[in-house]
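Coordinate inspection notes
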Amino acid sequence: MPIADPEADFEAYADAVDKALDALASESGDLVVVGQSMGAFTAPIVASRRSATRLVLVAPMIPLPGETPGQYFHSVGLAEAQQAAAERGGYDPAFDLHRTFLHDVPDDVANELMAQGEPQQAEAIFGKPFPLTAWPKIPTRVVAGTHQIGRVSKVLPTAR
């Protein structure tokens, strides 16, 4: 993914996935597209382009048409939820990579990942709008954790 490119939008992210899928051109069968977290902004674009048979979203940020990730964070009350969780858990609400993303990853795997250095995510993507005007008309499944913040209950109306 072109995460370090400040010019990249979700179409560019989908282009990167398309390129990876093209390398698997010898594969045949139904295509199931899976998107995790902010990948839910890219996965439906790829699913639409590739005539996927199913879309699976894992702990997703499910966007509305035209919504940016920054707007998503605001609309689901992320800052307030993080503050409340920190108060309940008795920890500093400031972002901590390990606590937020690696808390359930085995130590050896987390250490290996961190030894590679944290990837630099361009902030610009958080202001880029989700380009689809409607959700793809394919079966969509959502896998969400019990503590997930988001609009899992508000999947776009055409998702089934």
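Just so it is clear, the structure is predicted and the values come from calculations on it, not from any experiment.

1. Here's the deal with unusual backbone geometry
At Ser37, a position not held by glycine, the phi torsion is positive, near 55°. Residue position: Ser37 is located in the loop between strand 1 (32–36) and helix 2 (43–50). Even without a glycine there, the phi angle at Ser51 is positive, about 50°. Assignment of secondary structure puts Ser51 in the loop between helix 2 and strand 2 (54–58). Under the relative-accessibility criterion, Ser51 is labelled exposed at 60%.

2. Some thoughts on the pairing of strand 1
Only one face of strand 1 is buried, namely the one carrying Val33 and Gly35, since none of Val32, Val34 and Gln36 on the opposite face is buried. Across 5 bridges, strand 1 lies against strand 2 in parallel orientation. From the neighbouring strand, Gln36 faces strand 2, where its bridge partner is Val58. For the crossover that starts at strand 1, traverses helix 2 and ends in the parallel strand 2, the hand is right-handed.

Cut-offs applied
- Residues numbered from 1 in each chain as written.
- Predicted model: local features only at pLDDT ≥ 70, side-chain atom pairs only at ≥ 80, totals over all residues.
- Heavy atoms only, no water.
- Helix = DSSP H or I, 4+ residues; strand = E, 2+ residues; numbered from the N terminus.
- Buried < 20%, exposed > 50% of the residue type's maximum accessible area, 1.4 Å probe, protein only.
- Pairing = 2+ DSSP bridges.
- Right-handed = clockwise from strand over helix to strand, strands pointing away.

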